[in-house]
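Spelled out, the chains give:
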Amino acid sequence: MQASRARLFKEYKEVQREKAADPDIQLVCDDSNIFKWTALIKGPSETPYEGGVFQLAFSVPEQYPLQPPQVRFLTKIFHPNVHFKTGEICLDILKNAWSPAWTLQSVCRAIIALMAHPEPDSPLNCDSGNLLRSGDVRGYQSMARMYTRLAAMPKKG
């Protein structure tokens, strides 16, 4: 557990130092628990998520970095690789392709990349996956944009 605390503290210092370097990701450690983090990530440009800000919750195991963190979307998102109700993310690096070389920041980067390049063949959201697999890109983008507007964009007025 000491090793994981030391690693997370090192990552915390990195995040503080590089805040301006990566404006698309805002990682925040819980004040009272270094194993709990949240992140705000910007939807990638030229995707239906553009303009949205999505909140992620990180639960870091005591065996970190030997085991991956559990990450889920707190913001509703219409995406084939994200469970619509729970926010669970289907991403290989969070499961069997994890490496201790990954950091919480690089996990955020990978999630942003997944948002831009969905994998409809391993869907957690079957409706979204089926739209893409059937070739209805317009339908998928329309639904994803609608949910981005409803859940991930600041309310005006």
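What counts and what doesn't
Residue numbers run consecutively from 1 along every chain, following the written order of its sequence. Local features are withheld for residues below a pLDDT of 70 in this predicted model, meaning they are given only at 70 or higher, and side-chain atom pairs are given and counted only at 80 or more; totals for whole chains, interfaces and linings count all residues. Side-chain measures were taken over the full set of non-hydrogen atoms in the model, leaving aside hydrogen atoms and water. UniProt positions are given in the numbering used here, feature names are shortened, and annotations may be inferred rather than shown by experiment. Pairing of aromatic side chains requires ring centres within 6.5 Å, counting the rings of Phe and Tyr and the six-membered ring of Trp. Pairs whose planes differ by under 30 degrees are stacked, by over 60 edge-to-face, and all others tilted. Note on conventions: DSSP H or I runs of at least 4 residues are helices, E runs of at least 2 residues are strands, and numbering of each starts at the N terminus. Residue burial is assigned from relative accessible area. The probe radius is 1.4 Å, only protein chains are included, and a residue is buried under 20% of its type maximum, exposed over 50%, and partly exposed in between. Comment: the charge-over-ring label is applied if NZ (Lys) or CZ (Arg) is within 6 Å of the ring centre and within 35 degrees of the ring normal. Working rule for contacts: check all heavy atoms of both residues, and any pair within 4.5 Å makes them a contact. Among the buried residues, those of types Ala, Val, Leu, Ile, Met, Phe, Trp, Tyr and Cys that are joined through side-chain atoms within 4.5 Å form a nonpolar core. DSSP bridges decide pairing: two strands pair if at least two such bridges lie between them.

Naming follows an unreviewed UniProt entry, where the protein chain appears as E2 ubiquitin-conjugating enzyme of Herrania umbratica. Recorded in UniProt under Sequence similarities (unreviewed entry), the annotation for the protein chain is "Belongs to the ubiquitin-conjugating enzyme family."

Q: How should I be thinking about the packing of aromatic side chains in this particular structure?
A: The way to describe two aromatic rings as a pair is by their centre distance and the angle between their planes. Under the definition given, this model contains eight aromatic pairs. Where phenylalanine 78 meets tyrosine 140, the ring centres are 6.4 Å apart and the plane angle is 35°; that geometry is what we call tilted. Taken together, the positions of phenylalanine 78 in the loop between β4 (70–73) and α2 (104–116) and tyrosine 140 in helix α4 (residues 137–151) put the pair 62 residues apart, joining distant regions of the chain. Just as phenylalanine 78 is buried, tyrosine 140 falls in that class too. Stacked on the ring of phenylalanine 84, the Lys or Arg lysine 76 has its end atom at 5.1 Å from the ring centre.

Q: So what exactly am I meant to see when it comes to the UniProt feature "domain: UBC core" (unreviewed entry) in the protein chain here?
A: In this structure's numbering, the residues bearing the UniProt feature "domain: UBC core" (unreviewed entry) are residues 3–153. The span residues 3–153 carries 34% helix and 15% strand; its end-to-end C-alpha distance comes to 38 Å.

Q: Looking at this structure, how should I read the UniProt feature "active site" (unreviewed entry) in the protein chain?
A: The feature "active site" (unreviewed entry), as given by UniProt, occupies Cys90 in the numbering adopted here. Within the secondary structure, cysteine 90 sits in the loop between β4 and α2. A relative accessible area of 27% places cysteine 90 in the partly exposed class. Leaving out residues up to four positions away in the same chain, cysteine 90 has contacts with Asn81, Lys95, Leu114, Ser122 and Leu124.

Q: Quick question: what am I supposed to make of the nonpolar core here?
A: Across soluble globular proteins, you tend to see nonpolar side chains buried next to one another. Formed by 38 residues in total, the largest nonpolar core has its most connected members in Leu27, Ile41, Leu56, Phe58, Phe73, Ile89 and Ile111. For this core, the elements supplying multiple residues, two or more each, are α1 (2–17), β1 (25–29), β2 (36–42), β3 (53–59), β4, α2 and α4. The dominant element in this core, judged by the number of residues it contributes, is α2, at eight residues. The residues touching isoleucine 111, leaving out its near neighbours within four places in the chain, are Ile41, Leu56, Val71, Phe73, Ile89 and Leu91.

Q: It is not clear to me how the pairing of β3 should be interpreted in this structure. Could you clarify?
A: For a regular strand, side-chain orientation follows a simple rule: the groups alternate between the two sheet faces. Pairing of β2 with β3 involves seven bridges; the strand directions are antiparallel. Following the sheet pairing, tryptophan 37 is matched in β3 by phenylalanine 58. Inspection of the sheet shows β3 paired to β4 by four bridges, in the antiparallel sense. Among the inter-strand pairings, alanine 57 is bridged to a residue of β4, identified as arginine 72.

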